[in-house]
Amino acid sequence: MNTSQQQIDFDKLKADISLWAKELGFSQVGVSDIDLSEAGDYLNQWLQKNFNADMDYMHKHGEKRYHPDQLVPGTLSIISARLNYMDTDVKPYQKALQETQKAAVSRYALGRDYHKLMRNKLKKLAQRIEHTVGELGYRVFSDSAPVMEKAIAEKAGLGWIGKHSNVINPKAGSYFFLGEIYTDLPLPADAPQSFHCGSCTACIPACPTGAIVAPFQVDARRCISYLTIENHGAIPEPLRKPIGNRIYGCDDCQMVCPWNKFTEKSKEPDFSPRQNLDDIELLELFNWSEEEFLAKTEGSPIRRIGYQSWQRNLAVALGNAKTEPAIVEALTNKLDGVSDMVKEHIEWALQQHNEKQ
Ligand code: SF4
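Residues numbered from 1 in each chain as written. Predicted model: local features only at pLDDT ≥ 70, side-chain atom pairs only at ≥ 80, totals over all residues. Heavy atoms only, no water.

Per the counting criterion, the structure on display carries 15 aromatic pairs. With 6.0 Å between their ring centres and 75° between their planes, Tyr85 and Tyr175 make a pair best called edge-to-face. With Tyr85 in the loop between strand S2 (77–84) and helix H4 (93–98) and Tyr175 in the loop between strand S6 (167–168) and strand S7 (176–183), the pair connects residues that are 90 residues apart, well separated along the chain. When its relative accessible area of 5% is taken as the criterion, Tyr85 is described as buried. Chaining the aromatic ring pairs together yields one cluster made of Tyr85, Tyr108, Tyr114, Tyr175, Phe177, Tyr248 and Phe271. Seen from the ring of Phe176, Arg82 lies directly overhead, with NZ or CZ sitting 4.8 Å from the centre. One residue, Lys334, lies across the ring of Phe286, its end atom 4.7 Å from the ring centre. (Phe/Tyr/Trp six-rings, centres within 6.5 Å; stacked < 30°, edge-to-face > 60°. Helix = DSSP H or I, 4+ residues; strand = E, 2+ residues; numbered from the N terminus. Buried < 20%, exposed > 50% of the residue type's maximum accessible area, 1.4 Å probe, protein only. Lys NZ or Arg CZ within 6 Å of the ring centre and 35° of its normal.)

Structural data, given as structure tokens:
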């Protein structure tokens, strides 16, 4: 602690940080200490089972992931922030899954990409703190570095990690983004949120591909979010049918979670759906050229998967749709001029329609 920090009333400062965070639009903030050893043990067990699929970056940075002061030297505490993203006025996800000619997009990806928005808000919060306490050592993150966001949020009292591995807040459910400020201020830590899944196991059988292999154990190799977003290669054939019309991510485990009856509407207009992504035909999306894809997904998280994965995901969803001449025609017309990987998925889709006839 430097000389100027010795004058600070940290309890008051923490209360002020909470108020400033609310003014900036955050749903809630909390403070965690930097002992993430338990989360580190869990991560290493998960990695040993190869549940990270080909996300090799999970191995990188070694212990920095669970030693915050190795990632940012001097870190003494972490401010964890959450921001509700659900636009509760859009067509419910359950309904999107039933309309098989239309796309089902994970709710977090309907609107603007959250990464920059979260980091900008976190930076403003850090600057507000700096304005009060003087020079501050800090770094902000939102899904942008080897940071154990969920474990930190749990320690900071924002929610508990549910059996589906998402953080659940008892008053707001699980539809929120997380971000962190690593700081050299010795802020008093909050009490961790206690566990309230109880005997419920609803999310485990709800996973369409059986990716929740045991409570708190998600095998990314089977997870639709991984398969349609992080994965740039082929989708394993046995998992294509269960993917249904989910073209970007999957919310099924959250959809069935009883705590999401407490979902709060997001106050952030930027998270409202763009391009009618909550109610749009698969065929219309499949017919986007690469230029259209890039233009229409500008500022959206969807853009980062790239056009090939986009076409791959849509080919799978169209293979699972009800057979219509227009679908068969669009798939056939795309066979030329696509990569071998995409072509193989289109051929699979056409085969599904042949088998139905
Ligand atoms: S569905 Fe049940 S078991 Fe799964 S995270 Fe929610 S409360 Fe926990």
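Additional details are given in the paragraphs that follow.
Time to look at the site of the ligand. Around the ligand, the structure places Gly162, Lys163, His164, Ile168, Cys197, Cys200, Thr201, Ala202, Cys203, Cys257, Pro258 and Trp259. For the shell around the ligand, the class distribution of residues is eight nonpolar, three polar and one charged. Taken domain by domain, the makeup of the shell around the ligand includes at least three residues from each of domain 1 (4–88 + 112–183) and domain 2 (211–263 + 273–356). (Near = heavy atom within 4 Å. Nonpolar A, V, L, I, M, F, W, Y, C, P; charged D, E, K, R; others polar. Domains from an automatic or database assignment.)

Glancing now at helix H14 (residues 325–333). Among the residues making up H14, those that are buried are Ile327, Ala330 and Leu331. Looking down the long axis of H14, one finds its buried residues gathered within 100° of arc, a one-sided arrangement. Turned more than 90 degrees from where H14 packs its buried face, Pro325 and Asn333 sit exposed. Summarising the contacts, the buried residues of H14 are in contact with helix H11 (282–286), helix H13 (306–320) and helix H15 (340–356). (Arc of directions from axis to C-beta. Contact = heavy atoms within 4.5 Å.)

Quick look at the nonpolar core now. Formed by 87 residues in total, the largest nonpolar core has its most connected members in Leu13, Ile129, Ile247 and Trp310. At eight residues, helix H5 (residues 114–133) tops the list of elements feeding residues into this core. When residues of this core are sorted by domain, at least three fall in each of domain 1 (4–88 + 112–183) and domain 2 (211–263 + 273–356). Among all residues touching Ile129, those that are not within four sequence positions of it are Leu13, Ile17, Trp20, Ile79, Gly134, Leu136 and Leu185. If you look at the next biggest cluster of nonpolar residues, it comprises 16 residues, including Leu47, Leu71, Val72 and Ala151. (Core = buried A, V, L, I, M, F, W, Y, C linked by side-chain atoms within 4.5 Å.)

Another point: the environment of Ser77. Along the chain, Ser77 turns up in strand S2. Along the backbone, Ser77 and Asp184 are 107 residues apart, and their C-alpha atoms lie at a distance of 6.6 Å. Polar contacts involving the side chain of Ser77 include one to the main-chain carbonyl oxygen of Leu185, which spans 2.5 Å. (Polar contact = N/O pair within 3.5 Å; in protein donor to acceptor, adjacent residues only side chain to side chain.)

Our focus in this paragraph is unusual backbone geometry. In this structure, Ser165 takes a positive phi of about 80° despite not being glycine. Along the polypeptide, Ser165 turns up in the loop between strand S5 (160–161) and S6. Unlike most non-glycine residues, Asn276 shows phi in positive territory, near 55°. Its place among the elements puts Asn276 in the loop between helix H10 (252–255) and H11. By relative accessible area, which is 55% here, Asn276 ends up exposed.

What follows is about the sheet that holds S7. Reading across from one edge, S1-S2-S7-S4 is the order of the four strands in this open sheet, with antiparallel pairing throughout. What marks the edges here is a single partner per strand, and that holds for strand S1 (28–32) and strand S4 (138–141). When the angles between neighbouring strand axes are averaged without regard to direction, this sheet yields 20°. Taken together, the eight bridges between S2 and S7 define a ladder with antiparallel strand orientation. Note that in S7 the partner of Leu83 across the bridge is Phe177. (Pairing = 2+ DSSP bridges. Axes fitted to C-alpha atoms, helices over the stretch in contact; angles between N-to-C directions.)

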